[in-house]
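These are the residues of each chain, in order.
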Amino acid sequence: MNRIKHITFFLIVLVALFNVCRANSSDPDSLRASLSTESILLLKSPWSVSDNAAGLQFLELPHRIGRVSVFYNDSKGDYHLFQQGREDLQYGFYTNGYTHLKNWNFYGDFSYYSQVEKESRWTDVMESYNDNPYTLGDDIGGKYIKEYFDMNAKAAWHANEQLNVGFEVNYQTGVGTRRKDPRPVNKATDFRFKPGIVYSINKFNVGLNLKIETAKEDIEVELVADSTYTFYHFKGLGVFTSSYERDLRTQEATTFGGALQFGYNGSAFQNMTEISFFQKETDIKRGVSVPLQVVLLENFQTDVNSVFLFGQPEQTVKRLKLSFNDKHIYGHEPVVEPKQVQENYQWSTAAKYVLYWHQENTVSANYDYYKLVNNNHYNWGMTVGGELYTSESSYYFVPEKNEQQLKYFSANAAVKKEMLTSFADLIFEINGKYQKGFDSYYKLVDEETLLKLTNTDFVENDFEYYNAAMSEIGAKIGIGKRIKMYREWMQMYLNANYTKQYSKMINNPDRTYINLQFGINF
Amino acid sequence: MFLFACEKYDIPQTYDFDISVYYPDSLFNAAPLPNATIEIVNKQTGRKYSQFSDENGNVHFEVRGGLYDISVSSKQNYLFEIDGKPTYKDILFHETVFDRKILAATQLTLQTTLTILNSGFVISEFYNSGSRTPEGESYSRDQFIEIYNNSDITLFADGLCFGNVWYKNTYTPNPLLNPDGSFPSDIACWSYIAVIPGSGTDYPIDPGESFVIAQSAINHRDDPNGNPNSIDLSGSDFELFIEDGRYVDNPGVANANMIQVHERPFANVMVFNVHGQSSIIFRIPDNNFQAFFGNAENYIIATGSTDRCVLVPDSWIIDGIENPELNPTVYKRLPNNIDSGYIQHRGKGEKVSIKRKVQKVVDGRVILMDTNNSSNDFLTNQEPTPGIIESE
């Protein structure tokens, strides 16, 4: 019922938005958006990568741009992380839109999709790999079915020549379960709010935005048959404790942060540099009446992004993006379990150690070159990029520890060609990527009792996933056909993407990605 | 706010943990106890550290902060005079501490208590979880206890009593403790007490032999009302048959004498908690059953319930097993002098038993582990094998 309510509500909003935009349209016979319109719009402004919603004012929005689509994504193969399924199938609905109304620029998107992870094991949580190694899993696994609603809205107000103010709101909710014992039942919600301002003086801009986010996931495990299963409470680097209990598990995360932006808009080049920082605390507890803390996970993250646009991007886009990311994650675990005291039935306090340590840095550079036809089409384009990743992780048994150092680099490239024919608008792309680790190792404890608390397959698989050489090659094709609906020219389109990954991990696993998207640009 | 994050915490360190152990007050003026095995176990990681105490009764560990279970044991052989004959008996000096917090350098002093080891009957296998039918229903009539002669002489099972300790929920405090938190000197058993029949020499058990007491001594796999997933108990030595009770009598298997403990109409079977059951075996002096079971002063109504229990003096108890239900929080039902540890199994319907470990094999005779601590002495979640004593 909830799904039907959400979809009904959304369709009403969509139709209303569409009619409002149509009423404000000054040229009803022109093509509003094509296959490339949104990507060109984002390429032409360095502010498109900014966290600051007020930066939406720096996108050139001459009119509305909208897209509504249904999609099908499938990835399948043995090249996957330990807690990922062998096959991951998604299908759903996606729409987004930009519009300009007086002094306001708006952006919104909405998606609903269903996700089926087949042959999924060792995970009973919605997202296994989101910088939180404290997950729950079982060794039975099966077909994990999830549904997500994701809504995002941005608004930016051009107060005057100097000041732009904006905000962004994002809400995501998801549910998940398996249809075979043991059955995790997940309910996840995530709400994010980011207010921001940008102040401009001549060619210079200074921006500031804040970020507040709350997220929660409840995990229950249900059984139809009255059997007992082993549940693994993972803690990072394969370390786990196991139990037969099916306590309610809750994960509540709170994030506070912000970002500073510096912009320059000259004739030779434009630049937007953003430094952002956030601190996230995730509190994981077990039990209902008197919940016991599993861990308090702290995540400190700093990102620096700098985007350069060389020359005037009217006919040619020459765009360089440099990024740096720094993360520190700490897992504070009780080493003295809270315990009910016999005399007074109260729970004694717990002492904690920081047992999980993780630090990582990522440096990347991407260069885009596009020859444009106009704001809706390009002639051809290419992207080249590279990334260097380093991380160190430790899980302390005290004084022994499991430790891992992981370093890898990747290089990627893509070439795109758009052709405008009398029949249709066509886009072809071929792309590739190569990734390989270097100077990486992991070392597990020798002590037998402690080693039994480590899932060595978990550590080895996820280490090799990144460390072993991986080659990726892909091709995309997009077909767009102009149609007229309600006196409006629109574009019906189909995007198809095929990617294959080949890994040099043990047994040389591979993975195939197929993405199909069918919709209307309006 | 925008500074790069840096390491703001210290890497967790170990702490010095020193333990000194002593004889009981009644022996050697409570002198230091040398050469005792001192084992500490971290409750979260399961990591064990084991050392022998030095001549001053001291040991030193370096451990991470956390909760620890600590056990001390030292078995020594002393000469006694029994029935006018000099007899060597093993005395176990032992002490156990649960959930000791170590959050800084710690010095712990432990005075041991002594137990004269019976070198006789011990519980070798205990199966109370029950199994599941192919339809997934719980099936508990296949429970059994196996008792083993761990000595080097023939013992007689005649008159041996077996009782289940009144449990309530073992994750809540034991309501039968003394006001100061200590255990009373009597153990409360409920439901029925099973007494092995015989005049005193009818049921000899040779060294290294065992006997099985079954809830219902049938082949549960083949029985029309049985469970193909269960086990064969038709070879049991005794069964817990109750007149007009729930289970049929197997005339080929001797029935234990069932002493009803409860007053009101209740379960017409001897009740074992399938989630976990603490149990004892004991002998009544001079086999004076009528005097003991016929005396109303030996019964109580358990605190907070209407359950009638019989109080068994702990000095009569030969062996006991503390088997609380599966929960991180455990409140013991047996004092340390009967079982200084505890052992849990997976739970209801799991078809798992608890088996005593083999300490050694001497001239083909298996000697089972008996340190008065079921945490050390038993293996849990084992395949039930009634009547079979494994040698490894």
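Think of each chain on its own: its residues are numbered from 1, step by step along the sequence as written. Note on labels: chains are lettered from A, ligands numbered from 1, in written order. In view of the model being predicted, local features appear only for residues whose pLDDT reaches at least 70, and side-chain atom pairs are presented and counted only at 80 or more, with totals across whole chains, interfaces and linings using the full set of residues. In computing side-chain values, all of the structure's heavy atoms are included and hydrogens and water are not.

Trainee: I would appreciate a short explanation of the overall build of chain A in the present structure.
Mentor: Only DSSP runs of H or I covering at least 4 residues are called helices, and only runs of E covering at least 2 are called strands; the numbering of each starts at the N terminus. For chain A, the count of helices and strands is four helices and 22 strands. The C-alpha atoms of chain A give a radius of gyration of 25 Å, which matches the 24 Å a tight globule of 522 residues would have. Burial analysis of chain A (522 residues in total) assigns 52% to the buried set. Restricting to contacts in chain A with at least 6 residues of sequence separation, those with at least 24 account for 67%. Computed by Shrake-Rupley with a 1.4 Å probe, the accessible areas treat only the displayed protein chains as cover when residues are assessed. Here chain A has roughly 23400 Å² of accessible surface; of this, 57% comes from carbon and sulfur atoms. Only four residue types enter the charge count, namely Lys and Arg as positive and Asp and Glu as negative; His and the chain termini do not. Working definition for charges: the position is that of NZ of Lys, CZ of Arg, CG of Asp or CD of Glu. Of note, chain A has its 54 positive side-chain charges centred 7 Å away from the centre of its 62 negative side-chain charges. Only C-alpha atoms enter the radius of gyration; for comparison, a globular chain is expected to reach 2.2 Å times N to the power 0.38, where N is the number of residues. The classification of residues rests on relative accessible area computed with a 1.4 Å probe and restricted to protein chains. Under 20% of the type maximum is buried, over 50% is exposed, and intermediate values are partly exposed. The contact criterion used is simple: two residues touch if any of their non-hydrogen atoms lie within 4.5 Å.

Trainee: Which parts of the structure should I look at to understand the overall build of chain B?
Mentor: Across its full length, chain B carries two helices and 28 strands. Each of the three principal axes of chain B carries a C-alpha extent, and together these read 75 × 70 × 45 Å. For chain B, the proportion of contacts with a sequence separation of at least 24, taken over those separated by at least 6, is 69%. As presented, chain B carries roughly 17100 Å² of accessible surface, and 48% of it is formed by carbon and sulfur atoms. Treating the 28 positive side-chain charges of chain B as one cloud and the 51 negative ones as another, the clouds have centres 6 Å apart.

Trainee: What is the right way to look at the pattern of salt bridges in this model?
Mentor: Residue and element names in this part refer to chain A. When a carboxyl oxygen of Asp or Glu is within 4 Å of a side-chain nitrogen of Lys or Arg, the pair counts as a salt bridge. The tally for this structure, following the rule as stated, stands at 36 salt bridges over all chains. The salt bridge involving Lys194 is made with Asp51; its shortest N-O contact spans 3.1 Å. With Lys194 in strand E7 (residues 183-201) and Asp51 in the loop between helix H2 (37-43) and strand E1 (65-77), the pair connects residues that are 143 residues apart, well separated along the chain. In this structure Lys194 comes out as buried when scored by relative accessible area, which is 7%. Exposure remark for Asp51: the relative accessible area of 23% places this residue in the partly exposed category.

Trainee: Could you clarify how one ought to interpret the pairing of strand E23 (residues 308-313) of chain B in this entry?
Mentor: Within a regular strand, the side chains alternate between the two sheet faces. All names here are of chain B. Where burial is concerned, most of E23 is hidden: six out of the six residues are buried. Side chains Arg308, Val310 and Val312 project from E23 onto one buried face, and the interleaved Cys309, Leu311 and Pro313 project onto a second face that is buried too. As paired elements, strand E15 (residues 186-195) and E23 share four bridges and run antiparallel to each other. Paired with Ile187 across the strands is Val312, a residue of E23. Think of it this way: DSSP has to see at least two bridges between two strands before they count as a pair. In this sheet, E23 lies alongside strand E22 (residues 299-301) in antiparallel orientation, the contact comprising three bridges. The residue bridging Tyr299 from the neighbouring strand is Val310, located in E23. In this structure, the hairpin formed by E22 and E23 is closed by a connection of six residues, where Gly304 is found at a positive phi of approximately 75 degrees.

Trainee: Which parts of the structure should I look at to understand the interface of chain A and chain B?
Mentor: A common way to state how big an interface is: give the accessible area lost once the parts meet. In this assembly, 47 residues from chain A lie in contact with 41 residues from chain B. Accessible-area loss on putting two parts together, using a 1.4 Å probe and summing over both, is the definition of buried area adopted here. Summed over both partners, the interface of chain A with chain B comes to about 3900 Å²; 59% of that surface belongs to carbon and sulfur atoms. Where chain A touches chain B, the interface holds two salt bridges. Salt-bridge contacts for B:Arg47 lead to A:Glu447; the nearest nitrogen and oxygen are separated by 3.9 Å. Any pair of N or O atoms that falls within 3.5 Å is considered a polar contact. Within protein, one atom must be able to donate a hydrogen and the other to accept it, and sequence-neighbouring residues count only if both atoms are side-chain atoms. Linking chain A to chain B there are eight residue pairs in polar contact (both at pLDDT 80 or more). Counting only elements with at least two residues in the side of chain A that touches chain B, the list comes to strand E11 (249-265), strand E12 (269-286), strand E13 (292-310), strand E14 (316-334), strand E15 (352-372) and helix H3 (448-451) of chain A. In terms of residues, the side of chain A that touches chain B owes the most to one element, E14(A), which gives six residues.

Trainee: Explain the state of the cysteines here, please?
Mentor: Two cysteines joined by a covalent bond between their sulfur atoms form a disulfide. All names here are of chain B. Only a pair of cysteine sulfur atoms within 2.5 Å counts as a disulfide in this structure description. On inspection of all chains with the given rule, the structure shows zero disulfides over all chains. You can see Cys189 has no disulfide; the closest cysteine sulfur is in Cys309, sitting 7.9 Å from it. You can call Cys189 buried: its relative accessible area is 0%. Owing to a relative accessible area of 0%, Cys309 belongs among the buried residues under this scheme.

Trainee: Any chance you could explain the sheet that holds strand E10 (residues 239-243) of chain A here in plain terms?
Mentor: Where strands meet in a sheet, backbone hydrogen bonds hold them as pairs that are either parallel or antiparallel. All names here are of chain A. One open sheet accounts for three strands, arranged E4-E9-E10; its pairing is antiparallel. Both outer strands of the open sheet, strand E4 (136-138) and E10, are each paired with one neighbouring strand and no more. On average, each strand axis in the sheet is tilted by 35 degrees relative to the strand beside it, whichever way the strands run. Bridge count between strand E9 (residues 231-236) and E10: five bridges; the pairing is antiparallel. For Gly236, the partnering residue across the bridge sits in E10 and is Val239. Axis lines are fitted through C-alpha atoms, for helices just across the contact stretch, and the angle between N-to-C directions can take any value from 0 to 180 degrees.

Trainee: Can you walk me through unusual backbone geometry in this structure?
Mentor: Among all residues save glycine, negative phi is the norm, and among peptide bonds the norm is trans. All names here are of chain A. Put simply, Asp181 and Pro182 share a cis peptide bond, and its omega is -10 degrees. That bond from Val398 to Pro399 is cis: its omega, -5 degrees, falls within 30 degrees of zero. Structurally, Pro399 is set in the loop between strand E16 (378-396) and strand E17 (401-420). In this structure, Asn202 is a non-glycine residue whose phi angle is positive, near 50 degrees. A relative accessible area of 78% means that Asn202 is categorised as exposed. Positioned with a positive phi, Asp439 is a non-glycine residue whose angle comes to about 50 degrees. Under the relative-accessibility criterion, Asp439 is labelled exposed at 51%.

Trainee: Quick question: what am I supposed to make of the packing of aromatic side chains here?
Mentor: Describing an aromatic ring pair means giving the distance of the ring centres and the angle of the ring planes. The criterion for an aromatic pair is that two Phe, Tyr or Trp rings (for Trp, the six-membered ring) have centres within 6.5 Å, with stacked assigned to planes under 30 degrees apart, edge-to-face to planes over 60 apart and tilted to the rest. Taken as a whole, this structure holds 52 aromatic pairs over all chains when the rule is applied. With 6.4 Å between their ring centres and 45 degrees between their planes, A:Phe110 and A:Phe149 make a pair best called tilted. Here A:Phe110, found in strand E3 (residues 104-120), pairs with A:Phe149, found in strand E5 (residues 142-158); they are 39 residues apart in sequence, far enough to count as distant. For the residue pair A:Phe110 and A:Phe149, the accessibility class agrees, reading buried in each case. Put simply, the rings of A:Phe82, A:Trp122, A:Tyr232, A:Phe234, A:Phe240 and A:Phe458 pair up and form one aromatic cluster. Positioned above the aromatic ring of A:Tyr144, the side-chain terminus of A:Lys146 is 4.6 Å from the ring centre. Positioned above the aromatic ring of B:Tyr299, the side-chain terminus of B:Arg308 is 3.9 Å from the ring centre. Criterion for a charge above a ring: Arg CZ or Lys NZ at most 6 Å from the ring centre, at most 35 degrees from the ring normal.

Trainee: Looking at this structure, how should I read the environment of B:Glu146?
Mentor: Tracing the sequence through the fold places B:Glu146 in strand E12 (residues 144-149). Among the polar contacts made by the side chain of B:Glu146, one reaches the side chain of B:Ser210 at a distance of 2.6 Å.

Trainee: Would you mind going over the sheet that holds strand E18 (residues 238-239) of chain B with me for this structure?
Mentor: Strand order in the open sheet formed by seven strands is E19-E18-E17-E12-E9-E25-E28 (chain B), with mixed pairing between adjacent strands. A strand with exactly one partner marks an edge of an open sheet, and here the two such strands are strand E19 (254-255) and strand E28 (378-382) of chain B.

Trainee: Explain the environment of B:Asp90 here, please?
Mentor: All names here are of chain B. You can see Asp90 is positioned in strand E6 (residues 85-102). Judged by relative accessible area, which is 22%, Asp90 ranks as partly exposed. A sequence separation of 25 residues divides Asp90 from Thr115, and the C-alpha atoms of the two residues are 8.6 Å apart. Residues within four places of Asp90 in sequence aside, it is in contact with Lys75, Gln76, Asn77, Thr115, Ile116 and Leu117.

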